[in-house]
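The residues making up each chain are set out below.
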Amino acid sequence: MDRSPVASLVRFDTDDPALIDDPYRAYARLRAAGPVARGGPGQWVFSHYAEVSALLRDERLGSEFPQAVHRLKLGDGPACDFFTRILIDRDPPGHTRLRQAMSRSFTPSAVRDLRDRVAGIVDDLIGRALDRGGFDLVGDLALPLPVTVVCSLLGVPADDLELVRPRMVDLATGFGELTLTQEQRVAADGAVEWLRAYIGEHLDHRRRHPTSDQLSLMLEAESAGVSRADLVDNAIFLFFAGFETTTSLVVNGTMALLDHPDQLARLRAEPEMATHAVEELLRFDPPVQMSMRLVHAPLVVDGVTIRAGRVAVLLIGSANRDERQFPDPDRLDIGRRPNPHLAFGGGHHYCLGAPLARIEGALVLDRLVRRCRSLELAGPPVRRPHASIRSYRSVPVTVTAA
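Since this is a predicted model, take the numbers as computed values, not measurements.

Caption draft 1: Here's a closer look at the overall build of the chain. Within the chain, the secondary structure is distributed over 18 helices and 12 strands. Since a compact globule built from 402 residues should have a radius of gyration of about 21 Å, the 21 Å found for the chain is in line with a globular shape. Here the chain holds 402 residues, and 55% of them are scored as buried. Residue pairs in contact within the chain that sit at least 24 positions apart in sequence constitute 74% of those at least 6 positions apart. Put simply, the chain shows about 17200 Å² of open surface, and 52% of that area lies on carbon and sulfur atoms. Seen as two clouds, the 48 positive and the 53 negative side-chain charges of the chain have centres 2 Å apart.

Caption draft 2: Structural detail: the sheet that holds strand β1 (residues 36–38). Across the sheet, 5 strands lie side by side as β1-β2-β8-β5-β3; this open sheet has mixed pairing. Every interior strand has two partners, whereas the edge strands, β1 and β3 (61–62), have only one. Here strand β2 (residues 43–46) runs beside strand β8 (residues 311–315); their pairing, made up of 4 bridges, is parallel. Paired with Val45 across the strands is Val313, a residue of β8.

Caption draft 3: Structural detail: the nonpolar core. Core analysis: the largest hydrophobic core is formed by 77 residues, its most contacted members being Leu171 and Phe239. The biggest single contributor to this core is helix α14 (residues 228–259), with 12 residues. Core analysis: the second largest hydrophobic core is formed by 21 residues, Ala256, Leu257, Met273 and Ala343 among them.

Caption draft 4: Spatial organisation of the sheet that holds strand β4 (residues 134–136). Spatial strand order, β4-β12-β9: 3 strands in an open sheet with antiparallel pairing. In the strand order of this sheet, the two ends are held by β4 and β9 (372–377), each with one partner. Here the average twist between neighbouring strands, direction ignored, is 25°. Strand direction decides the pairing type here: β4 and strand β12 (residues 396–401), joined by 3 bridges, are antiparallel.

Caption draft 5: Quick look at the side chain of Arg321. With respect to the helices and strands, the residue Arg321 is situated in the loop between α17 (316–319) and α18 (354–371). Among residues more than four places away in sequence, those in contact with Arg321 are Tyr24, Arg31, Arg283, Phe284, Pro329 and Asp330.

Caption draft 6: Seen up close, the packing of aromatic side chains. Scanning the entire structure with this criterion turns up 6 aromatic pairs. On the basis of an interplanar angle of 85° and a centroid distance of 5.7 Å, the ring pair of Tyr49 and Phe326 is categorised as edge-to-face. Here Tyr49 is found in helix α3 (residues 49–56), whereas its partner Phe326 is found in the loop between α17 and α18, with 277 residues between them in sequence. The class of Tyr49 is buried, set by a relative accessible area of 10%. Here Phe82 and Phe83 contribute two aromatic rings whose centre-to-centre distance is 5.1 Å and whose plane-to-plane angle is 80°, an arrangement assigned as edge-to-face. Side by side, Phe82 and Phe83 carry an identical accessibility label, which is buried. Feature note: the residues Phe12, Tyr24 and Tyr27 constitute an aromatic cluster, connected by ring pairs. Geometry around Trp44 places Arg38 over its ring, the cationic atom sitting 4.4 Å from the centre. The positively charged end of Arg321 is found above the aromatic ring belonging to Tyr24, 3.8 Å away from the centroid.

What counts as what
- For every chain, the first residue of the written sequence is number 1, and numbering continues from 1 onward in sequence order.
- This being a predicted model, a pLDDT of at least 70 is required before a residue's local features are given, and a value of 80 or more before pairs of side-chain atoms are given or counted; all residues contribute to the totals for chains, interfaces and linings.
- Hydrogen atoms and water are omitted, and side-chain values are computed over all heavy atoms in the structure.
- Only DSSP runs of H or I covering at least 4 residues are called helices, and only runs of E covering at least 2 are called strands; the numbering of each starts at the N terminus.
- Computation of the radius of gyration draws on C-alpha atoms alone. For the globule rule, the value is 2.2 Å times the number of residues to the power 0.38.
- Classification of residues uses two cut-offs on accessible area relative to the type maximum, computed with a 1.4 Å probe and protein chains only: under 20% is buried, over 50% is exposed, and between them is partly exposed.
- Here a residue-residue contact requires only that any non-hydrogen atoms of the pair lie within 4.5 Å.
- Accessible areas in this description were obtained via Shrake-Rupley with a 1.4 Å probe; residue shielding takes into account the shown protein chains only.
- As used throughout, the charge tally considers Lys and Arg to be positive and Asp and Glu to be negative, leaving His and the chain termini uncounted.
- Charged groups are reduced to one reference atom each: NZ for lysine, CZ for arginine, CG for aspartic acid, CD for glutamic acid.
- Whether two strands pair comes down to DSSP finding at least two bridges between them.
- What makes a nonpolar core is a set of buried Ala, Val, Leu, Ile, Met, Phe, Trp, Tyr and Cys residues whose side-chain atoms join them at distances within 4.5 Å.
- Working convention: axes come from line fits to C-alpha atoms, limited for helices to the stretch in contact. Angles between N-to-C directions cover 0 to 180 degrees.
- Pairing of aromatic side chains requires ring centres within 6.5 Å, counting the rings of Phe and Tyr and the six-membered ring of Trp. Pairs whose planes differ by under 30 degrees are stacked, by over 60 edge-to-face, and all others tilted.
- Note on geometry: a ring has a charge over it if NZ (lysine) or CZ (arginine) is within 6 Å of the ring centre and within 35 degrees of the ring normal.

Here it is, written out as structure tokens:
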């Protein structure tokens, strides 16, 4: 008797601890079994580039999950409420209004105007590292760079950076971890409460004394029906999104180059390739490994019917290594072209900050190879313990000046 398409599907556990160290072997086995797999309860997992790319843009899928879903992980406090308001978890028309309110500072031309400011921050951070002869790639470069840039973009005083940063780290834990301890829930709730008060105060000041920064621009959206609560939470989201993925891009990319000395040597010889290198590093080891979507209307993929109300798990990390799309996908090639990776997502939720992240990543690579004669691990790197956002907690390195 023939088996049904569903009965023949393999299962894939998105919570498998083995995915933290090296998810790509598991992805390869999954792709070999077909484009669709069973996940957890009510979950369908997609691993091929063609299906992931199409579903990221499919309007039958959405990102706005019921509050009960967030409550399972975060409890019933401020952090749960926060994650139901932010851009990444909203569908049109609310998503459209919020994205319009937040997009003016992230156009390619606006971001190009920030280039000199970003370059100055990168030079300062690398200069300090060279003076010491060693540093932590996460804590001394990859994290302070995007946090400082976003503070500048929003018009937040640089003197407040050390106040803001630990709250953002607590909030990022609430977003990135698959499950939270009670201590982490409390920390995430406390971070949201503090940041709401802090950003709210700055928004009120901009209302009285408008400038050209992002907070002032966002206030103009009130006339389009965006509430103050949504403005505050999405200004916080800009902070959080602005450093979480860019930090991972810088760390994952540098680690990939250290693991592939031939490509690091190639970049040293041709530092002008930094822009292309960023694209390949995003493909090779993307910060966001998977994206969840809620199915609003039935769809059929590879003969399997996915009913409304189910969750589609789109494996971006797997799609970026799909041999059907990328020749020799497990080989790092900083000159790879074309490179239509999915690291920034697609459709309505294509990453708003992609132009800025690209510039930050390229400037870091450029300065590292131009200013550092050597860059080597000084101890074992420590990974962050979750599979959905791939990054590190600490990477000690030694460095000498060119």
